[in-house]
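Next come the chains, spelled out residue by residue.
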Amino acid sequence: MRKLISSSVALLLVLALSSCSGGGAQKPDAGLAGNEAASTEITTAAPADTQSGTPDTTAVTEELSNDMEENNGVPSITEDFSGNELIAVKRGSAILSVVQDDAAKDGRALFIEGRKESWNGADYKAELFRGNEIEVKGSFRSANKAVRVSIQFNVRGNTTYNMVFAVNTNDSSYTAGSGKYTIPASAEHIVVYIESDELKDIYCDDFSVNVCGDYTYYEEAAEALFANTSEYPSLRDTYADLFRIGMAVSPTILSKPQYAELVKAQCSSITAENDMKPEAILDYGTSVSDLDKYREAPAMKFAHLNVELGFAQENGMTVRGHTLVWHSQTPEWLFYKDYDKNGELADRELMLKRMENYIKGMMEWTTENYPGLISAWDVVNEAADDNGGMRKSLWYQTIGEDYIEKAFEYARKYAPEGAKLFYNDYNSYQKRKQEDILAFLKPVAAAGNIDGVGMQSHIGTYMSINEYMVALKKYVDELGVEIHITELDIGADKSDDWEEKQGKYFSRFMKKIIALKNDGVPITSLTLWGISDSLSWKAGDRPLVFRDDLSRKPAFDAMINARAED
Ligand code: 9MR
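Only a predicted model underlies this, so the values are computations on that prediction, with no experimental measurement involved.

Visitor: Residues and numbers for unusual backbone geometry, please.
Guide: Here the bond from His322 into Thr323 is cis, since omega is 5°, no more than 30 degrees from zero. In this structure, Asp206 takes a positive phi of about 45° despite not being glycine. Assignment of secondary structure puts Asp206 in strand β12 (residues 202–211). With phi around 70°, Leu550 is a residue other than glycine that occupies positive phi space. Inspection of the secondary structure assignment puts Leu550 in the loop between β22 (523–528) and α15 (554–561). For Leu550, a relative accessible area of 0% puts it in the buried group.

Structure representation (C-alpha cells):
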C-alpha cells in the first residue's frame, strides 16, 4: 500500500514495503506547514543562470509510473546499464552513452563525457519521491578525485542544490557510495544528479534511487506556507546597545515580502551573500573589448548592487562590503596579461595596478551612490591556507606575499571616512590557523591599515566555545582591532533532538559573546549567514535560526533570551 497526499491533504493508502535499509516511520506531512526537515545546500558550483532549466516532470511521471506498477506502487530507479535504454538524461553539456567497460560489474557502464562545468553530468528525475526519504546508491570510476551525487529542487521558488553523497574515485576501478536524503513535501522539479568538481569523464555502474520506509505519494507539491513573523522579538532591538545584527541576503530573498519583512525586523546590517564579490562585479566582455583601455583597470559593473544596497539604505541599515580580494569567486582571467587564460599570467606590477583600480572602483562607486552605507569592507578574505601558511592563490602567485599588505594599503587610500577595513576568514579560531593569520596581519596593523578581524564562524555544535573566545580576544590583544562575527551558522548534529541541542549551543555561544562584550572586548557586529535552513549554503547541517517556513527555531529564542541574563 502507499499513501497519497495532494496539496489539499487528501490521502489514501499506506504502504508497508520498505526498500531502503534503515528506513523508519516517515513524517508524511513534513512540509505541509513548510516545516520540512530538509537538508539542502546551495552549492557554489553552478551559477543560477547556467543550471539546467526546469526538468520535464511529465516524462518522469510516465517513466516512474511504469516502474511503480512493478513495485507495488513505490517509485524506484534502478540502472545497471545492461540494456541500451537510459533513464538518465544529460545535464548541461554532458554526453551520455552506455559503453563496454571491463572494470564494470557486468562489463557495461554509463559513460559521461563532454563536461564543461562541474555541475554537468547525468540527471535522474525524481518527482515521485517528493516528501520521502530516499537512499541513492552508485558506483563510479573517474580520473577526477571525487564524484558527487547531488539533489536539486525548488521550494518557494528558490532552487536548492545539496550533496547526497560523494566518493573518492580512481581511474581503474569502481568505488561504491550511498547516501540518504529527505526530500521536502513542498519540493518541485526534483532531480538527483551525478557531478564532479573536476571536468574529466565519469563512468557509473549500478545506480539506484529507492524509498526508505513507507512510501507517501504527494500528487503535487504541498503548499509551502510561511509562519507569521510579525510578532517575533527583534534581534536588532535586543542587541542594539551591544552590536549590529546582520544577515546575508540575496536579491531573490529581498524580492519576497515574507523574507524581506523578517530581515527588516531583525537586522541593522546586511551582507550581500554573493553580489559584491569580484565575479559579480568584473566585466569580462568590456575588459577584453579594449585592452589598451582596460588592461590595468578591468571593467566593472555595479547596477545589480542597487537591489541590496537600496534595500539597506531605505531601511536604515548598514552594509558589510564582502569581499574585495579573494581566491574564490574571482574570475581566473583577471590574473592573465591579456585576460586570456591561455596566455601568460600578469606580472606583479600589472596585478598591483589591477588590484588598486578594482578597490578604487568599488570604493568610489559605493561612496558616490550610497555615501556612508558601507560600514566595513572585507578587504582580504580567506588568505590563510588550511594546511598552514598563506594560501598560494593567484593573488599570491602573481604579486607575492605582500599582496595582503598592498590590498589594505589601497583600501585605506580609497576608503571613505568611517568605513572600517577587515580581514575575514573561516576556522580562524583554530590555533595554528590563527598563528598564520596573525603573522601576516601584523605588518598590516603596524601600518595602521586594518581596523577589524572578521571571524566567519561557520561552526558546529562540536566546536569548543572556550577555544573560540580565547582566539577572538587574542586578535584584539595582538592586533588592536575590533571583531565582527561575519558569517555565523552553527551546524546541528543528526540526533532526534537536534533543534534543542543546537538551541542550547546558540545560548552558550551568545552568552559568552555578550560576556566578552560586557568586559570591553570590541565586538561590534554579528551577522548570520542566511535566513532559513534550506536556503543556507550548508543547508544539510540546518545551521540557521529560522526553519524554512520562517518559524523560529530554539536557536532564535536562545539568541533573544541570552540577553535576558546579562
Ligand atoms: O553563501 C555563499 C554561497 O551562496 C556561494 O555559493 C559561495 C561560493 O563560494 O559563497 C558562500 O559564501 C561564502 C563567503 O562568501 C565566504 N566565506 C564562506 C561562505 C560559505 O561558503
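Visitor: So, the nonpolar core: which residues are in play, and what are the values?
Guide: Counting 113 residues, the largest nonpolar core has Tyr403, Leu441 and Phe509 as the members making the most contacts within it. The leading source of residues in this core is helix α9 (residues 348–369), at nine residues. Contact partners of Leu441, with chain neighbours within four places excluded, come to Ile404, Phe408, Tyr423, Ile450, Val453 and Leu479. If you look at the next biggest cluster of nonpolar residues, it comprises 37 residues, including Leu110, Tyr181, Ile183 and Ala187.

Visitor: So, the sheet that holds strand β9 (residues 158–168): which residues are in play, and what are the values?
Guide: Read from one edge of the open sheet, five strands run β3-β6-β11-β8-β9, paired in antiparallel fashion. Each end of this open sheet is capped by a strand with a single partner; those strands are β3 (89–91) and β9. Sheet twist, expressed as the average angle between the axes of neighbouring strands with direction ignored, equals 30°. As judged from the four bridges shared by strand β6 (residues 121–125) and strand β11 (residues 188–195), these two strands associate in the antiparallel manner. When the sheet's bridge partners are listed, Tyr124 is paired in β11 with Val192.

Visitor: So what's going on with the site of the ligand? Which residues, and what values?
Guide: Glu273, Lys277, His322, Glu487 and Trp529 are the nearest of the 16 residues found near the ligand. One of the side-chain N or O atoms of Glu487 is found 2.7 Å from a nitrogen atom in the ligand. Within the side chain of Trp529, an N or O atom sits 2.8 Å from an oxygen atom of the ligand. Alone, the ligand offers 450 Å² of accessible surface; in the complex the protein occludes 90% of this. Its residues placed into classes, the shell around the ligand shows three nonpolar, nine polar and four charged.

Visitor: Can you tell me about the environment of Leu305, naming the residues and giving the values?
Guide: Its place among the elements puts Leu305 in helix α8 (residues 305–314). Owing to a relative accessible area of 1%, Leu305 belongs among the buried residues under this scheme. Taking the C-alpha atoms as reference points, Leu305 and Met276, 29 residues apart in sequence, are found 7.3 Å from one another. Leaving out residues up to four positions away in the same chain, Leu305 has contacts with Asp275, Met276, Ile281, Gly310 and Trp365.

Visitor: Quick one: what's the story with the pattern of salt bridges, residue by residue and with numbers?
Guide: Tallied over the full model, the rule gives 30 salt bridges. Asp237 is the salt-bridge partner of Arg236, the closest N and O atoms lying 3.1 Å from each other. Relative accessible area serves as the criterion here: at 27%, Arg236 is assigned to the partly exposed category. Three or more residues joined by partner-sharing salt bridges are found here, namely Asp101, Arg141 and Asp171.

Visitor: Give me the lowdown on the side chain of Asn381, citing residues and values where you can.
Guide: Within the secondary structure, Asn381 is located in strand β17 (residues 374–381). Dropping the residues within four chain positions of it, Asn381 is found in contact with His322, Thr323, Val325, Trp326, Asn424 and Gln456.

Visitor: Would you mind going over the confidence of the model for the protein in detail, with residue names and values included?
Guide: Across the protein, the average pLDDT comes to 89, with 88% of residues at or above 70. Scored below 50 in pLDDT, residues 5–18 makes 42 contacts in the model with residues more than four places away or belonging to other chains. When the criterion is pLDDT under 50, residues 21–58 qualifies, and its contacts beyond four places in sequence or with other chains add up to 102 contacts.

Conventions used here
- Chains are numbered independently. Their residues run from 1 in the order of the written sequence.
- Local features in this predicted model are restricted to residues whose pLDDT is 70 or higher, and side-chain atom pairs enter the listing and the counts only when it is 80 or higher, whereas totals over whole chains, interfaces and linings include all residues.
- Computation of side-chain values: all heavy atoms of the structure, hydrogens and water removed.
- Numbering of helices and strands starts at the N terminus; helices are DSSP runs of H or I of at least 4 residues and strands are runs of E of at least 2.
- For every residue, the accessible area (1.4 Å probe, protein chains only) is compared with the maximum for its type, and the residue is labelled buried under 20%, exposed over 50%, or partly exposed between those bounds.
- Definition of nonpolar core: a set of buried residues of the types Ala, Val, Leu, Ile, Met, Phe, Trp, Tyr and Cys, connected through side-chain atoms within 4.5 Å.
- Contacts were defined at the residue level, with two residues in contact if any of their heavy atoms lie within 4.5 Å.
- Note: two strands are recorded as paired if DSSP finds a minimum of 2 bridges between them.
- Structural elements are reduced to axes, namely lines fitted to C-alpha atoms, with helices fitted over the stretch in contact, and the angle between N-to-C directions of any two is expressed from 0 to 180 degrees.
- The criterion for a residue being near a molecule or strand is simple. One of its heavy atoms has to lie within 4 Å of it.
- A 3.5 Å cut-off defines polar contacts: any pair of N or O atoms within that distance qualifies, except that in protein one atom must be a possible hydrogen donor and the other a possible acceptor, and neighbouring residues in sequence count only when both atoms are side-chain atoms.
- Only the protein chains shown count as cover for residues, with accessible areas throughout obtained via the Shrake-Rupley method and a probe of 1.4 Å.
- By the convention adopted, Pro, Cys, Tyr, Trp, Phe, Met, Ile, Leu, Val and Ala count as nonpolar, Lys, Arg, Asp and Glu as charged, and the other residues, Gly among them, as polar.
- One speaks of a salt bridge when a side-chain nitrogen belonging to Lys or Arg is within 4 Å of a carboxyl oxygen belonging to Asp or Glu.
- Residue-level confidence of the predictor is what pLDDT reports, using numbers from 0 through 100.

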